[in-house]
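Structure at a glance
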Amino acid sequence: MLQLVLVAALSRAEPEGLVVCRRRGGPEYPQLAKDGDIILGGIFSFHSSWQNRELNYTQSPPPLQCTSLNFRAFQYTQAMLFAIEEINNSTSLLPGVSLGYKIYDSCGSIARGVRVALALANGNQETTTEGSGCSRPAQVQAIIGEDTSSPSMATSTVLGPFRIPMISHFATCGCLSDKVKYPSFFRTIPSDHYQSRALAQLVKHFGWTWVGAIRTNDDYGNNGMATFIETAEQLGICLEYSVAFFRTDPEEKLHRVIENIKTSKSKVIVAFLSFVDLDLLVNQFARHNLTGYQWVGSEGWIIDSYIARVEAHHVLNGAIGLSIAKAHVTGLGEFILDVRPLNSAGIDSSRENLSGLQNVFTDLSLMAIFNNVYKGVLAVAHALHNVWGCGETCGNKSQPDPQTHIKNVRFKTKEGEEVYFNENGDVTAKYDIINWQPKEDGSVEFVTVGLYDASLPADRQLTINNSSLVWTQNAKLVPVSVCSESCPPGTRKAVQKGKPVCCYDCIQCAEGEISNNTDSVTCDQCHPEFWTNKKRDMCEKKEIEFLSYEEVMGVLLTAVSLLGTCMTSIVAFIFFRYKKTPIVRANNSELSFLLLFSLTLCFLCSLTFIGRPSEWSCMLRHTAFGITFVLCISCVLGKTVVVLMAFRATLPGSNVMKWFGPPQQRLTVVSFTFVQALICTLWLVLAPPFPIKNLTTYKEKIILECDVGSAIGFWAVLGYIGLLSLLCFVLAFLARKLPDNFNETKFITFSIMLIFCAVWITFIPAYVSSPGKFTVVVEIFAILASSFGLLFCIFAPKCYIILMKPEKNTKKMMMGKMSTKSA
């Protein structure tokens, strides 16, 4: 590019000291031209392609042979001429100033576009100047064009040093917004920076996460697709393939593109293509019978009527994409069609009328693009109008710097549309969302089904009427294009190794975790008091478990506890009824009644373990249990000692009973019980038991139980009970060899303590290992078993004698065996 700039500025010195400035190479003449006070340049691709040349680098390249007539460029030219004519006829815009034009054909070639741009900047005429330079004012004030991005980039780079503004109507590459590289570039069409993001949002809107992409292999396609891919990745969209080609590529390359598509699984194709390249691709699709793909198109082809008329256009039926927002310019349509082709041959053409024809030239569906050309010309005119301070006339027509003033131009067209450029030379991005809907006659109707407005907040930019959409093959339901099916609630996505993030397996959430949304990436942990349902899509409150009075186990234990209480009361009544009899009086009836009272409390304290734990029940159950059991054992211990002392008292000269009479027995019971009461008091004051929710024993249940508060306090209470039980057991063991009249007592006492100790030794491992409410059941069972053991072993034989063998309930019978033994 720079070389061409330098070549254009080369000069050859004449002998007389003058400098003659000539163009290197042949001159370039415009296809259309008109003189005026101010000249505007135009670069359009009247031809869309060219013949490839074989260069041997031994001679100058031959001129470029342009091919494939492009009627769109003629329409753009007509729009430019319409705007110039409207300005020249206006009395309010540049009054008294005539605009002329020079319009060139670039053939879609970057090299030719640069060449004609230099021709517009310098002209073709030889000039003679004094000195050593060839500098002179630009031949045009601004250039309207080019049609596409790559030529616009090259041309704008060349024009930048000359400060000649270039206003494009159809070059959309986001790269052209770089004012460091392209300071003189402006455009009246939105940047692909917005279009690419809008296309990604459109794809995301319909749930397509596995798509293919095809682009034109130029700056328009490559930059636009790069922005689309970047945005798509942010939105969770994956590309199965991304391929590029250009209209002049060998046919083999296009075949490779087709094979790539045929082997893919995605059913959505995002096409960032010009209509010329899409024409080639669609014909290949028809040749290979490739149908059923949902096309998503850029503004380069989505409303192009030429593509809609090709024989294979049915391949694109149901396509959806973005187009420039619809526009209307009064009189422009008629001006475009008001062409008299025979005038140039000197033939009367007054009867010719193109409005009845249907071809690319007479198709006005691209009125929005024509409007862009129209606005570009008006922008230059308004900039000149402002810099010259025009009123009724334009007095000061000094050489302007339109690049500076176009930056700041702001005006409204006659249709009320406001036109201005931002700091990047771009206009506000607004797009119509177009859907290709086939009609009964086989033609295609471009139906507007939505709107994208980049000026709105992100959540309101995209608006679509889904009910009016028609999809590929006339389907009414949104096509599905995913690498993996959506993961239902209760599962999470796990990316397959070596594949894009859109390809995943659905893994069921682990226990205690849920996902209540489709396609969840992670599973959320349930609150500790909640647990997952079977589908793992909802956290349900855990079942609360405790030993209640309503359940079978609670009812049975309550019944047994009350039965023990009743039986103890009956025994107490019997003893009270026969308190004068020798068998009741024989072994300290006072201790017997105290023992019965403590057994009643033991049976009743088991009830505190049943029901929903509360602060008071937790403190009461362990302390009441500890104190009443110590009271029981103290009474049993007292009875055992009485038996031993009574035997010692029968020996000659023994006065041991006076040291262990009723007062001493009462003191013993009170002392032992006081120690336990003191332990319980310290426990309650320092670290009392309290209710807790046990969330660890069962994952799916909450166990309501009592925490002991202080393990030392809990085991101190049990340890003291164990210590007294062991002492009582040792004394009972020592009483096993008493004389016959003590046999009944000694074996009863021994049996009592054997049962009692066995129960509580078994209780400890069972208590520690039992889960949940069964810990409470084990504790109640131990209390009831030991209580029944004491009740039956001590009082059942005596009640039997009192009620069934009253003849044995005499002093003589109680003392008979002793007398026999003594004799």
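Remember, it's a predicted structure, so these values are computed and weren't measured experimentally.

1. Things to note about a nonpolar patch on the surface
On the surface, Phe674, Val675, Leu678, Leu682, Val685 and Leu686 cluster together into a nonpolar patch covering about 620 Å² of accessible area. Looking at the element boundaries, Phe674 is found in helix H17 (residues 662-686).

2. Focus on empty space enclosed by the protein
Here the structure, examined in full by the defined rule, presents two cavities of 30 Å³ or more. Roughly 60 Å³ of internal volume is contained in the largest cavity. As for the largest cavity, its lining consists of Phe546, Leu547, Phe609, Gly611, Pro613, Arg621, Ile703, Leu704, Glu705, Gly772, Lys773 and Val776. If you list the elements that add at least two residues to the lining of the largest cavity, you get strand E30 (701-707) and helix H20 (773-804). Per-element accounting of the lining of the largest cavity gives the leading share, three residues, to E30. Taken together, the residues that form the lining of the largest cavity break down as seven nonpolar, two polar and three charged. As for the second largest cavity, its lining consists of Phe170, Glu299, Ile303, Ser323, Ile324, Leu366, Ala368 and Ile369. Going through the elements one at a time, strand E16 (320-324) and helix H11 (367-387) are the ones with two or more residues in the lining of the second largest cavity. Counted by class, the lining of the second largest cavity contains six nonpolar, one polar and one charged residues.

3. Some remarks on the confidence of the model for the protein chain
Per-residue confidence for the protein chain averages 84 on the pLDDT scale, and 85% of its residues sit at or above 70. Ignoring residues within four places in sequence, the model shows residues 1-15, a span with pLDDT below 50, making 25 contacts including any to other chains. Here residues 817-823 is a poorly scored stretch, pLDDT under 50, and it has three contacts once near neighbours within four places are set aside; other chains count.

4. Topic: the packing of H17 against helix H18 (residues 711-734)
In the contact formed by H17 and H18, the axes pass within 9 Å of each other and the chain directions differ by 170 degrees. One finds that H17 runs roughly antiparallel with respect to H18. Contact residues: H17 offers Phe672, Val675, Gln676, Ile679, Cys680 and Trp683, while H18 offers Gly713, Phe714, Ala716, Val717, Tyr720, Ile721 and Leu724. Considering only residue class, the contact of H17 with H18 consists of 11 nonpolar, two polar and no charged.

5. A word on the state of the cysteines
Tallied over the full model, the rule gives nine disulfides. Sulfur-sulfur distance for the disulfide between Cys390 and Cys394 comes to 1.9 Å. Its torsion about the S-S bond being 120 degrees, the disulfide of Cys390 and Cys394 is classed as right-handed. Classification of Cys390 as buried rests on a relative accessible area of 12%. Between the sulfur atoms of Cys509 and its disulfide mate Cys523 the distance is 2.0 Å.

6. Section: the UniProt feature "transmembrane region" (unreviewed entry) in the protein chain
UniProt records the feature "transmembrane region" (unreviewed entry) for residues 552-578, 590-611, 623-647, 667-692, 712-735, 747-768 and 780-803 in the present numbering. Helix makes up 77% of residues 667-692 and strand makes up 12%, while its end C-alpha atoms are separated by 39 Å. Here residues 780-803 is 100% helix and 0% strand, with 31 Å between the C-alpha atoms at its ends.

7. Describing unusual backbone geometry
Following Gly145, the chain continues into Glu146 via a peptide bond in cis, with omega recorded as -5 degrees. Checked against the element boundaries, Glu146 lands in the loop between strand E9 (142-144) and helix H4 (149-159). At Asn289, a residue that is not glycine, the phi angle is positive and equals roughly 55 degrees. As for its placement among the helices and strands, Asn289 is situated in the loop between helix H8 (275-287) and strand E15 (294-297). Residue classification places Asn289 among the exposed positions, given a relative accessible area of 61%. Phi angles above zero are rare outside glycine, and Arg536 is one such case at about 60 degrees. The topology assignment puts Arg536 in the loop between strand E26 (530-532) and strand E27 (539-541).

How each quantity is defined
Residues numbered from 1 in each chain as written. Predicted model: local features only at pLDDT ≥ 70, side-chain atom pairs only at ≥ 80, totals over all residues. Heavy atoms only, no water. Patch = residues over 30% accessible without salt bridge, like charges linked within 9 Å, V, L, I, M, F, W, Y side chains within 5 Å. Areas by Shrake-Rupley, 256 points an atom, 1.4 Å probe, with all protein chains shown as cover. Salt bridge = Lys/Arg side-chain N within 4 Å of Asp/Glu carboxyl O. Helix = DSSP H or I, 4+ residues; strand = E, 2+ residues; numbered from the N terminus. 1 Å grid on protein atoms, 1.4 Å probe; cavity = no way out; pocket = protein on both sides within 12 Å on 5 of 7 lines; lining within 4 Å. Points joined across faces, edges and corners; volume = space filled by probe spheres on them. Nonpolar A, V, L, I, M, F, W, Y, C, P; charged D, E, K, R; others polar. pLDDT = per-residue confidence, 0-100. Contact = heavy atoms within 4.5 Å. Axes fitted to C-alpha atoms, helices over the stretch in contact; angles between N-to-C directions. Parallel < 35°, antiparallel > 145°, perpendicular 65-115°, else oblique. Disulfide = S-S within 2.5 Å. Buried < 20%, exposed > 50% of the residue type's maximum accessible area, 1.4 Å probe, protein only. UniProt positions renumbered as here; feature names shortened; annotations may be inferred.

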